[in-house]
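One letter stands for each residue in the lines below.
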Amino acid sequence: MSHHRFDAAYYRRHYRGRSRVHSAREVAHLCRAVDGYAAWLGLPLRRILDVGAGPGLWRDWFRRHRPAARYRSVDVSPYACERYGHERRDIARWRPPGRYDLVVCQGVLPYLDAREAEAAIAHLGSACRGLLYLEALTLRDLAEVADPGRTDVAIHARSGAWYRVRLRPWFRQVGAGLWVSSSSPMAFWELEAAAGATPS
Ligand SMILES: C[S@@+](CC[C@H](N)C(=O)[O-])C[C@H]1O[C@@H](n2cnc3c(N)ncnc32)[C@H](O)[C@@H]1O
């Protein structure tokens, strides 16, 4: 796909003004929640990878509040890399070397076509040894949940099942956007994680 789409106008449209997808303050709640939940699980977030970091709101929060963490943010957009300070990487084509305690991929996969998204999920899977925070709009979200005024609807809409099948080799679903790497020994109580996350 063309990466020119993610230019200055794109970030202006989606991250400024009243119709923005989310603000730094909103994202701070999510960062605190994920950071706090990882602490509750006893998982130190030493290495964090943010894929498709865009305006870098997660990165800003972690830099400020968890300065000891090593935070690596990547994005395919030359504009975003230059403006917000990320490494330029296309997650469909780049397998991150090394493994991360937290991988963040918010609002990125629906921009990729099926083949690219499939490769990207495998790359996220191999890069994660702890938690993944994933947000990827599905067909159902577009039909029932998303506000067309605030959501980029020019995306590759796929079913939740499509994602689940491809996430399953790598992750167990915890809930609230969080997935735990299958390589992690972390254990959850039966009613703590989504059905299927714990062996029955
Ligand atoms: C809706 S923005 C999300 C930004 C940020 N994650 C957030 O939630 O605020 C989508 C971002 O994904 C990036 N992106 C799209 N395709 C990508 C790819 N193949 N590899 C890496 N980043 C990609 C875009 O450049 C854009 O910055």
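Check the entry above for the structure.
What you see is a predicted model; the values in this text were computed from it and never measured.

Enquirer: So what exactly am I meant to see when it comes to the state of the cysteines here?
Expert: Put plainly, a disulfide is one covalent bond tying together the sulfur atoms of two cysteines. Going through the model one piece at a time under the given rule, you end up with zero disulfides. Here Cys31 stays unpaired: no disulfide links it, and the sulfur of Cys105, its closest cysteine neighbor, is 14 Å away. Not engaged in a disulfide, the cysteine Cys128 finds its nearest cysteine sulfur in Cys105; these two sulfurs lie 11 Å apart. Since its relative accessible area comes to 0%, Cys128 is described here as buried.

Enquirer: Sorry, what's going on with the site of the ligand here?
Expert: The immediate surroundings of the ligand are formed by 20 residues, with Tyr11, Tyr15, Gly52, Asp75 and Asp90 found nearest. Between an oxygen atom of the ligand and a side-chain N or O atom of Tyr11, the distance comes to 2.5 Å. Protein contact buries 96% of the 600 Å² of open area that the ligand shows by itself. Applying the majority rule of atoms within 2 Å of the grid points places the ligand in the largest pocket.

Enquirer: What exactly am I supposed to notice about unusual backbone geometry here?
Expert: Excluding glycine, most residues fall at negative phi; most peptide bonds, likewise, are trans. Even without being a glycine, Ala176 presents a positive backbone phi close to 55 degrees. If you trace the backbone, Ala176 turns up in the loop between strand E6 (171-175) and strand E7 (178-181). Judged by relative accessible area, which is 74%, Ala176 ranks as exposed.

Enquirer: Would you mind showing me how to read the side chain of Ser73 here?
Expert: You can see Ser73 is positioned in strand E2 (residues 70-75). A relative accessible area of 7% places Ser73 in the buried class. In this structure, Ser73 is in contact with Asp50, Ala53, Arg59, Gly85, His86 and Glu87, ignoring residues within four places of it in sequence.

Enquirer: I would appreciate a short explanation of helix H1 (residues 8-15) in the present structure.
Expert: Given 3.6 residues to a turn, an α-helix orients residues that are three or four positions apart in the same direction. Along H1, the positions that sit buried rather than exposed are Tyr10, Tyr11 and His14. Along H1, the residues classed as buried sweep out an arc of 90 degrees about the axis, all on the same side. Packed against the buried residues of H1 are E2 and helix H4 (78-84). Where H1 terminates, the next one or two residues include Gly17, which has phi positive at roughly 80 degrees.

Enquirer: So what exactly am I meant to see when it comes to the packing of aromatic side chains here?
Expert: When we look at a pair of aromatic rings, we describe it by the centre distance and by the angle of the planes. The final tally for this structure, using the stated rule, is 13 aromatic pairs. Residues Phe6 and Tyr10 carry aromatic rings whose centres are separated by 4.9 Å and whose planes lie at 85 degrees to one another, so their mutual orientation is edge-to-face. Neither Phe6 nor Tyr10 differs from the other in exposure class; each is buried. Between Tyr11 and Tyr79, the ring centres sit 5.8 Å apart and the planes meet at 20 degrees, which makes this aromatic pair stacked. Within this pair, whereas Tyr11 is found in helix H1, its partner Tyr79 is found in helix H4, the two being separated by 68 residues in sequence. Residue class for Tyr11 comes out buried when judged on its relative accessible area of 3%. Site record: aromatic cluster; members linked through ring pairs are Phe6, Tyr10, Tyr11, Tyr15, Tyr79, Tyr84 and Tyr111. Across the ring face of Tyr100, the terminal group of Arg47 is positioned such that the distance to the ring centre comes to 4.6 Å. The ring of Trp162 carries the charged tip of Arg158 above its face, separated from the ring centre by 4.6 Å.

Enquirer: Help me understand the pairing of E7 in this model?
Expert: Alternating residues of E7 divide into Leu178 and Val180 and Trp179 and Ser181, and every residue in both groups is buried. When strand E5 (residues 128-135) meets E7, the two strands line up antiparallel, connected through three bridges. Considered in E7, the bridge of Leu131 is made with Val180. Bridge analysis of E6 against E7 gives four bridges, and the strand direction is antiparallel. Within E7, the residue paired with Gln173 across the bridge is Trp179. Between E6 and the antiparallel strand that follows it, E7, lie two residues; Ala176 among them carries a positive phi value of about 55 degrees.

Rules used in this analysis
Residues numbered from 1 in each chain as written. Predicted model: local features only at pLDDT ≥ 70, side-chain atom pairs only at ≥ 80, totals over all residues. Heavy atoms only, no water. Disulfide = S-S within 2.5 Å. Buried < 20%, exposed > 50% of the residue type's maximum accessible area, 1.4 Å probe, protein only. Near = heavy atom within 4 Å. Polar contact = N/O pair within 3.5 Å; in protein donor to acceptor, adjacent residues only side chain to side chain. Areas by Shrake-Rupley, 256 points an atom, 1.4 Å probe, with all protein chains shown as cover. 1 Å grid on protein atoms, 1.4 Å probe; cavity = no way out; pocket = protein on both sides within 12 Å on 5 of 7 lines; lining within 4 Å. Sits in = over half its atoms within 2 Å of the grid points. Helix = DSSP H or I, 4+ residues; strand = E, 2+ residues; numbered from the N terminus. Contact = heavy atoms within 4.5 Å. Arc of directions from axis to C-beta. Phe/Tyr/Trp six-rings, centres within 6.5 Å; stacked < 30°, edge-to-face > 60°. Lys NZ or Arg CZ within 6 Å of the ring centre and 35° of its normal. Pairing = 2+ DSSP bridges.

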